[in-house]
Amino acid sequence: MAAALSRALKLPGKKGSDLGEYDPLTQADSDDESEEDDLVLNYPRNGLGRDSCLGSASSKLRAGRSGRLIGATDEAQDDEDDEEEDEWTDQLSSKPRRGRDNLKGGQYWSHRDSGTGEDRGGAGTSGSGGLGARSSEAEEKRKRAKNAIRSAFFLVPLACATLIVLLCAFLVPCQKAELEKKLQWERALGDAGGVTPPALALWDVDGDSVEDVLLGVTECTNDTHATKRSKIYSAVAVCAVSGRVLWRKVVNESVMYIQCGLQRSTQPSPVCLVIGKSSLMAVNGTTGKKLWSVVIGNIESQAVLLPDIQDDSIPDLLLATLPSDVTLDLSLTLISGLTGKRIGDPVSFNLTGQGKLIGPLLHETQQGAFYVLFGLGNVQAISLQDICFLALSKRPQTRSIGKKDTNWENLKETNFSFIRIYRGLERVEFLLPLVAAFGNNRNSLDTVSNLYSTRSDWVLVYGASTLSVLRQRDLHKDWTFSSAPIHSEPALGHFNNDGVLDLFVQHSANGIMTAQIINGANGTSLWKAEFVCPRLVLKASAISTSTGQSVFLFWASEPIKTQGNVARTTMAPAVAAAEPLIRKLFLMHPAYPTVLLQLSSTTDTALTSAVSYLEHLKDATYITVSSRPTPDSEPGAQIVKSMSLRAAIKRGQVIQLGANEKSEAAAKRGALEVNTFFRRLSFKLQDEIWDHKPAS
């Protein structure tokens, strides 16, 4: 009975070794008892009590069994069913024919019941398995398609972005490297007139966002007799990117100064002033075409940008004239910025001092009043209102010009005297605003450049060796520093991080040049180094970096190194008097004060220099005008050279100051760090480059 029931239900179980068939009594050896209990207790619901249709029950049990065996595949289940059907057929062959006929009828009704069950919603074994497989395959295909679309939406933009980044990574450095090469150029323009520095200015005249070079040029004709040679004077604009000549304007006399940046409402292009000894000419900065000119005579100064005097919305100009005849007086002349005509009469002053001309400089006080500073060996000031009144014989109509500062006016000794800025036994050598980037041929005529320079304190050098800072608020000295004779104008930059401009000075004695940085806050020494004197009178340059500190560029010869506590050996007079053959350009950064970077070396004599910032490249160019010696006592050639600082730094040579055995060993260990630092250095014209020390 048990064997028949097992065959009818097609229950899985162990195959007996003796009987050769499945035995439900031995099912506990392989299946869980709880599963067996479920089969025994639920057998009436599996079709046993329903019209004795064992075939239907067997089909349902197979379906239930396949649902419980989680993880078994359809192929394994089909193979097991085939084996059981073969065994069932073998056993049927041994039954009597009548029993087989009855069984066939039972199987017929079993198949009918199975089909009925399917119609009622039951899951058949073969049909439901096939449909489920097809539906699962379709669902898998849909999922794969969705995943592919999602991956495409993610990968395609990622691939495009990666491609763009790679293109930028390769193309942008190539473009920068190509532009750096274009910024490296050298051009011979005219003949050098001894050691007198030529006129030099920087301004973007071709609209490429790079400051171009404007230069005064003197050329000698090719006459065989030197005494019969004539000279041709001109102002030349040179493209800063390629070194080609943009335009050339021939003038009647030697060019003393070139200034650009004067804006006129009727002239959208920048206006440049070409100043000679006796005339002033305004030209179109883009084409070099003359706009206006005026003959003045005995010009001794650059043009000073003034507020609008004539109420024509164009700033006006002021020039100082000083005849060679000592019996005549210094005069200040007002010039219209629109037409170039004189405004009123020249204003003459009987100055008692002797020495070099100081100024004129425009200053705006804290009360908004304008004063002009000038002098001969000393410094005094007069209000712009008084100058306009003396020139026009009437009070100016412009409100800003008609003001006076009560604090400054109280410093007058009499009602008609000057305001004394400095007057002493020692003559004044230099007077400049305490503003970074002032000088270095950047005396532009645009209002932005002149805004802060007219409101700052002043740096005063007098007696050739005394340095002071004058407060513009009360005209008192903030501090005083004494040194050897200072032979060039101080350069202003940031050595430390206190926000106050420091001063780079150079002084020479006994064939030794000393470079020194003075703290702008208190007048103490921050840095000092000694070199063989290069026999140059050339101002150093302070260049602002992206870190807020400045690098200092200066010309010198070999640095003088001290060996521990051994006293420095003084050079012989004959050696000291000899002019060094090679002059070197050094760069010093405050982060490494014991290290210099040698950028170049030459036998040329540098006459003047200027610095131009390239914002989009985070770079700066160093422009020099030099005199190159020629054979047979011919006039030296005037060489204009442009150098990218970042490119020069990559080729630079690291020089140790005060080297000894320990410092040299440390230098070798830190050479990689120093080179990496300098190579990552970038330059930027920061906003605070125009900041000045606030008055205390």
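Residues numbered from 1 in each chain as written. Predicted model: local features only at pLDDT ≥ 70, side-chain atom pairs only at ≥ 80, totals over all residues. Heavy atoms only, no water.

K.L.:
Break down the overall build of the chain for me, citing the residues and quoting the values.
P.N.:
When helices and strands are tallied, the chain shows 13 helices and 33 strands. For the chain, buried positions account for 46% of its 696 residues. Within the chain, contacts between residues separated by at least 24 positions form 55% of all contacts whose residues are at least 6 apart in sequence. When the accessible surface of the chain is split by element, carbon and sulfur atoms take 53% of a total near 35800 Å². (Helix = DSSP H or I, 4+ residues; strand = E, 2+ residues; numbered from the N terminus. Buried < 20%, exposed > 50% of the residue type's maximum accessible area, 1.4 Å probe, protein only. Contact = heavy atoms within 4.5 Å. Areas by Shrake-Rupley, 256 points an atom, 1.4 Å probe, with all protein chains shown as cover.)

K.L.:
Summarise the sheet that holds strand β17 (residues 419-422); cite the residues concerned and give the values.
P.N.:
If you trace the 4 strands from one edge of the open sheet to the other, you get β14-β15-β16-β17, paired in antiparallel fashion. At either end of the open sheet lies a strand with only one pairing partner, and these are β14 (357-364) and β17. When the angles between neighbouring strand axes are averaged without regard to direction, this sheet yields 25 degrees. As paired elements, strand β16 (residues 379-383) and β17 share 3 bridges and run antiparallel to each other. (Pairing = 2+ DSSP bridges. Axes fitted to C-alpha atoms, helices over the stretch in contact; angles between N-to-C directions.)

K.L.:
Lay out the sheet that holds strand β23 (residues 502-509) with the relevant residues and their values.
P.N.:
Strands in a sheet are paired, the pairing made by backbone hydrogen bonds, and the direction either parallel or antiparallel. A sheet is described by the order of its strands in space; here 4 strands give the open sequence β22-β23-β24-β25, paired in antiparallel fashion. The sheet is open, and its two edges are formed by β22 (491-493) and β25 (525-532), each paired on a single side. On average, adjacent strands in this sheet sit at an angle of 20 degrees to one another, irrespective of strand direction. The pairing of β23 with strand β24 (residues 512-518) spans 7 bridges and is antiparallel. Bridged to His507 within β24 is Thr514.

K.L.:
Any chance you could break down the packing of aromatic side chains for me, citing the residues and the numbers?
P.N.:
Within this structure, the stated rule accounts for 16 aromatic pairs. On the basis of an interplanar angle of 45 degrees and a centroid distance of 5.1 Å, the ring pair of Phe349 and Phe374 is categorised as tilted. Note that Phe349 is positioned in strand β13 (residues 347-349) and Phe374 in strand β15 (residues 370-376), a separation of 25 residues in sequence. When its relative accessible area of 0% is taken as the criterion, Phe374 is described as buried. Following the ring pairs from residue to residue traces out a cluster consisting of Phe504, Trp527, Phe531, Phe552, Phe554 and Phe586. For Arg395, the ring lying beneath its charged end belongs to Phe389, and the centroid distance is 4.4 Å. (Phe/Tyr/Trp six-rings, centres within 6.5 Å; stacked < 30°, edge-to-face > 60°. Lys NZ or Arg CZ within 6 Å of the ring centre and 35° of its normal.)

K.L.:
Residue-level account of the nonpolar core, with values.
P.N.:
Ranked by internal contacts, the top residues of the largest apolar core, which has 25 residues, are Ile543, Leu599, Tyr622 and Leu645. Among the secondary structure elements, those contributing two or more residues to this core are β27 (550-556), β28 (583-588), β29 (595-602), β30 (605-614), β31 (619-628), α11 (645-651) and α13 (671-679). Ignoring anything within four residues of it in the chain, the contact list for Tyr622 reads Leu538, Ser541, Leu553, Trp555, Leu585, Ser609, Ala610, Val611, Lys641, Ser642, Met643 and Leu645. (Core = buried A, V, L, I, M, F, W, Y, C linked by side-chain atoms within 4.5 Å.)

K.L.:
Mind laying out the environment of Pro307, listing which residues take part and the relevant values?
P.N.:
Assignment of secondary structure puts Pro307 in the loop between β10 (304-306) and β11 (316-321). Judged by relative accessible area, Pro307 falls into the buried class, the value being 17%. Taking the C-alpha atoms as reference points, Pro307 and Leu362, 55 residues apart in sequence, are found 9.9 Å from one another.

K.L.:
Lay out the pattern of salt bridges in plain terms, naming residues and giving numbers.
P.N.:
According to the stated counting rule, one finds 15 salt bridges in the structure shown. Among the ionic pairs, Asp386 bridges to Lys404, the shortest N-O distance being 3.0 Å. Here Lys404 lies in the loop between α7 (384-392) and α8 (406-409) and Asp386 lies in helix α7, a separation of 18 residues in the sequence. For Asp386, a relative accessible area of 14% puts it in the buried group. The salt bridge partner of Lys412 is Glu409, with a shortest N-O separation of 3.0 Å. (Salt bridge = Lys/Arg side-chain N within 4 Å of Asp/Glu carboxyl O.)

K.L.:
Could you give an account of unusual backbone geometry, with specific residues and numbers?
P.N.:
Cis rather than trans, the peptide bond between Gly359 and Pro360 has omega equal to 0 degrees. Within the secondary structure layout, Pro360 lies in strand β14. The backbone of Ala464 sits at a positive phi, close to 65 degrees, despite the residue not being glycine. Mapping Ala464 onto the fold places it in the loop between β19 (458-462) and β20 (466-470). The backbone of Asn510 sits at a positive phi, close to 55 degrees, despite the residue not being glycine.

K.L.:
Mind laying out the pairing of β23, listing which residues take part and the relevant values?
P.N.:
For a regular strand, side chains alternate in direction, first toward one face of the sheet and then toward the other. Burial of β23 is extensive: 6 of the 8 residues sit out of reach of the surface. Bridge count between β22 and β23: 3 bridges; the pairing is antiparallel. If you follow Ala491 over to β23, its bridge partner there is Phe504. Between β23 and β24, which pair antiparallel one after the other, the connecting turn spans 2 residues, and Asn510 there sits at a positive phi close to 55 degrees.

K.L.:
Now, about α7: what can you tell me, with residues and values included?
P.N.:
Of all the positions in α7, only Leu384, Gln385, Asp386, Ile387, Cys388 and Ala391 are classed as buried. At the C-terminal side of α7, Ser393 shows a positive phi close to 60 degrees.

K.L.:
Which residues make up the pairing of β19, and what values do they have?
P.N.:
Counting buried positions along β19 gives 5 out of 5 residues, so the element sits mostly inside the fold. Here β19 shows a buried face lined by Trp458, Leu460 and Tyr462 and a second buried face lined by Val459 and Val461. Bridge count for strand β18 (residues 428-433) against β19 is 5 bridges, and the pairing is antiparallel. Bridge pairing in β19 places Val428 opposite Tyr462. Direction of pairing for β19 relative to β20: antiparallel, over a ladder of 5 bridges. Bridge assignment links Tyr462 to a residue of β20, and that residue is Thr466.

K.L.:
Describe in detail the side chain of Gln259, supporting the description with residues and values.
P.N.:
As for its placement among the helices and strands, Gln259 is situated in strand β6 (residues 257-264). A polar contact is formed between the side chain of Gln259 and the backbone nitrogen of Ala303, at a distance of 2.8 Å. Filtering out sequence-adjacent residues up to four positions away, Gln259 remains in contact with Val271, Cys272, Leu273, Ile275, Gln302, Ala303, Asn443 and Leu445. (Polar contact = N/O pair within 3.5 Å; in protein donor to acceptor, adjacent residues only side chain to side chain.)

K.L.:
Report on the side chain of Arg583, specifying residues and quantitative values.
P.N.:
Within the secondary structure layout, Arg583 lies in strand β28. On the basis of relative accessible area, Arg583 is assigned to the buried category, the value being 1%. Of the polar contacts made by the side chain of Arg583, one reaches the backbone oxygen of Pro534; its length is 2.9 Å. Looking at Arg583, its side chain comes within polar contact range of the main-chain oxygen of Asp604, at 3.3 Å. The residues contacting Arg583, other than those within four sequence positions of it, are Pro534, Arg535, Leu536, Trp555, Ala556, Ser600, Ser601, Thr602, Thr603, Asp604 and Thr605.

K.L.:
Help me get a handle on the confidence of the model for the chain, residues and values and all.
P.N.:
Note that predicted coordinates carrying low pLDDT should not be read in detail. For the chain, per-residue confidence averages 77 on the pLDDT scale, and 69% of positions sit at 70 or higher. Within the model, pLDDT remains below 50 along residues 563-578, and this stretch shows 12 contacts once partners closer than five positions in the same chain are excluded. Across residues 688-696 the pLDDT falls below 50, and counting only partners more than four positions away or on other chains, this stretch makes 32 contacts in the model. (pLDDT = per-residue confidence, 0-100.)

K.L.:
Talk me through a nonpolar patch on the surface; I want residue IDs and the actual numbers.
P.N.:
Taken together, the side chains of Phe154, Leu155 and Leu158 present a nonpolar region at the surface, about 310 Å² in accessible area. For Leu155, the position within the fold is in helix α6 (residues 125-182). (Patch = residues over 30% accessible without salt bridge, like charges linked within 9 Å, V, L, I, M, F, W, Y side chains within 5 Å.)

K.L.:
Give me the lowdown on the environment of Val304, citing residues and values where you can.
P.N.:
The residue Val304 is located in strand β10 in this model. Given the relative accessible area of 10%, Val304 is considered buried. Put simply, Val304 and Asn450 are 146 residues apart on the chain and 9.5 Å apart in space, counted from C-alpha to C-alpha. Among residues more than four places away in sequence, those in contact with Val304 are Asp316, Leu317, Leu318, Pro360 and Leu362.

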